[in-house]
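This is what each chain is made of:
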Amino acid sequence: FVAHRMKLKGEIGPTFTIGGKDVTMSISKTGFNAWVDGHPLRNALAFATSFTYERFMLAINDVVVAITGRNYFFPNKPRRFHEECARYCRCAVAVRGMLWAIS
């Protein structure tokens, strides 16, 4: 999870307005907030679920970044970061597309 690996400037993740309330999307915060001391099975389920969801969202995010040229999970990063991220995502999506086509 990015939130515990690096210090980020500002809020983590994109913010959406849902029902008149601003909600900041953070998979790692949601996963970690589900942990309860003394409940290892619940914590294992929370970790497995949030980790799987995070992987799914990263695959979708690669496509979004490849198309838009911006990683919305890091709104405060400089333009150079977004350009490099978009270049990587475009290559990753192209490789996935080629692998899908030849399979």
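Residues numbered from 1 in each chain as written. Predicted model: local features only at pLDDT ≥ 70, side-chain atom pairs only at ≥ 80, totals over all residues. Heavy atoms only, no water.

Trainee: Quick one: what's the story with the pairing of strand 1 (residues 15-18), residue by residue and with numbers?
Mentor: When a strand is regular, its side chains alternate between the sheet's two faces. Here four bridges tie strand 1 to strand 2 (residues 21-24), and the two strands are oriented antiparallel to one another. The partner of T15 across the bridge, within strand 2, is T24. Hairpin geometry of strand 1 and strand 2 is characterised by an intervening segment of two residues between the two adjacent antiparallel strands and by a positive phi of about 60° at G19. (Pairing = 2+ DSSP bridges. Helix = DSSP H or I, 4+ residues; strand = E, 2+ residues; numbered from the N terminus.)

Trainee: I'd love a proper account of the side chain of H82, names of residues and values included.
Mentor: Along the chain, H82 falls in helix 3 (residues 79-102). The exposure class assigned to H82 is buried, which follows from its relative accessible area of 3%. A distance of 3.2 Å separates a polar atom in the side chain of H82 from a polar atom in the side chain of R70. Sequence-distant contacts of H82, defined by excluding residues within four places in its chain, comprise G69, R70, N71, F74 and K77. (Buried < 20%, exposed > 50% of the residue type's maximum accessible area, 1.4 Å probe, protein only. Polar contact = N/O pair within 3.5 Å; in protein donor to acceptor, adjacent residues only side chain to side chain. Contact = heavy atoms within 4.5 Å.)

Trainee: Explain the nonpolar core to me, and be specific about the residues and the numbers.
Mentor: Nonpolar side chains in soluble globular proteins tend to be buried together. The biggest cluster of nonpolar side chains holds five residues, and these are V65, A66, C85, A86 and C89. Per-element accounting of this core gives the leading share, three residues, to helix 3. The contact partners of C89, leaving out residues within four places of it in the chain, are D62, V65 and A66. (Core = buried A, V, L, I, M, F, W, Y, C linked by side-chain atoms within 4.5 Å.)

Trainee: Can you explain a nonpolar patch on the surface? Please cite residues and give values.
Mentor: A cluster of nonpolar residues, Y53, F56, I60, V64 and Y72, forms a patch on the protein surface that exposes about 460 Å² of accessible area. Looking at the element boundaries, Y72 is found in the loop between helix 2 (40-68) and helix 3. (Patch = residues over 30% accessible without salt bridge, like charges linked within 9 Å, V, L, I, M, F, W, Y side chains within 5 Å. Areas by Shrake-Rupley, 256 points an atom, 1.4 Å probe, with all protein chains shown as cover. Salt bridge = Lys/Arg side-chain N within 4 Å of Asp/Glu carboxyl O.)

Trainee: Give me the lowdown on the state of the cysteines, citing residues and values where you can.
Mentor: Counting across every chain of the model gives zero disulfides. Here C85 is not disulfide-linked; the sulfur of C89 is the nearest cysteine sulfur, at 4.3 Å. Classification of C85 as buried rests on a relative accessible area of 15%. (Disulfide = S-S within 2.5 Å.)

That's the geometry; what it means functionally is another story.
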